[in-house]
Structure formats: structure tokens, C-alpha cells
Amino acid sequence: MNNEMMIDRIVEIVNESLDGLEITKEQKNVDLTTLGLTSISLIRMIVALEDEYGCLIPDDKLFVDEMSTLSKILNVLYTAINS
């Protein structure tokens, strides 16, 4: 899967996981906490991402500040998928 397809799918998952949030791939560096990311919605998002990509996100990345932007989420997923 190429980077563009992956970010498109991540955007879909983020939008599905966060009630009422609509973010676009152009907003890669927008802090999702300013748009309503909470610890509960983060858990929903992490479960959906792990299911989608068949990976386990490392425990040290399971914090809001570690996955607060689309860019950070993409980096965490690349690491999880390739380890």
C-alpha cells in the first residue's frame, strides 16, 4: 500500500473514530486534541488502526501526545507494521 492510499484510509478511520470530527489529509499536522481527540476516541482509533493494518501499536505510543496528528499516526503505523 502506498503512502497516499494509507493516509486516505487513516483519515477515514480517524473520522469514523472521532464523533463529529472531519479532518482531511491536507491537515496532517493539525493537533487532533484541538479538534476533540480524547483518550476514549484514541482507544477506538487505535483498535481500528490495528485491525485495519494487522499490527500492534507499541505500548509506548498509546498516548494522546504520541498520536495527536495524522503525521504522527502515520509514523507510528509504519514502525508497527515494519517491526
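Residues numbered from 1 in each chain as written. Predicted model: local features only at pLDDT ≥ 70, side-chain atom pairs only at ≥ 80, totals over all residues. Heavy atoms only, no water.

Would you mind showing me how to read the confidence of the model for the protein here?
If pLDDT is low for a region, its predicted coordinates should not be looked at in detail. Summarising the model, the protein shows a mean pLDDT of 91, and 99% of its residues fall at 70 or more. Put simply, helix 1 (residues 3-17) is where the protein has its lowest mean pLDDT, 90, and helix 2 (residues 39-53) is where it has its highest, 94. (pLDDT = per-residue confidence, 0-100. Helix = DSSP H or I, 4+ residues; strand = E, 2+ residues; numbered from the N terminus.)

Quick question: what am I supposed to make of a nonpolar patch on the surface here?
Taken together, the side chains of Ile40, Ile43 and Val47 define a hydrophobic patch exposed on the protein surface, amounting to about 280 Å² of accessible area. When you line up the elements, Ile43 lands in helix 2. (Patch = residues over 30% accessible without salt bridge, like charges linked within 9 Å, V, L, I, M, F, W, Y side chains within 5 Å. Areas by Shrake-Rupley, 256 points an atom, 1.4 Å probe, with all protein chains shown as cover. Salt bridge = Lys/Arg side-chain N within 4 Å of Asp/Glu carboxyl O.)

When you look at the pattern of salt bridges in this model, what are you seeing that I'm missing?
Between side chains of opposite charge, a pair can form when the charged atoms approach closely. In this structure the tally under the stated criterion is six salt bridges. Between Lys25 and Glu4 there is a salt bridge, with its nearest N and O atoms 2.7 Å apart. Separated by 21 residues along the polypeptide, Lys25 in the loop between helix 1 and helix 2 and Glu4 in helix 1 bring together distant segments of the chain. Among the residues examined, Glu4 registers a relative accessible area of 40% and is labelled partly exposed. The closest approach of N and O atoms between Glu66 and Lys61, which form a salt bridge, is 3.2 Å. (Buried < 20%, exposed > 50% of the residue type's maximum accessible area, 1.4 Å probe, protein only.)

Looking at this structure, I do not really get helix 2. What am I missing?
Residues lying three or four places apart along an α-helix face the same way, a consequence of the helix completing one turn every 3.6 residues. Here helix 2 is 15 residues long and its end C-alpha atoms lie 21 Å apart, about the 21 Å a rise of 1.5 Å per residue gives. Looking at helix 2, one finds that the buried residues are Ser41, Leu42, Met45, Ile46, Leu49, Glu50 and Tyr53. Here the buried residues of helix 2 occupy an arc of 165° about the axis, which is enough to place them on one side. Those residues of helix 2 that are exposed and aimed more than 90 degrees away from the buried face are Ile40, Ile43 and Asp51. Looking at the buried residues of helix 2, the elements they touch are helix 1 and helix 3 (70-81). Gly54 occupies a position one or two residues after helix 2 and carries a positive phi of about 60°. (Expected span 1.5 Å × (residues − 1). Arc of directions from axis to C-beta. Contact = heavy atoms within 4.5 Å.)

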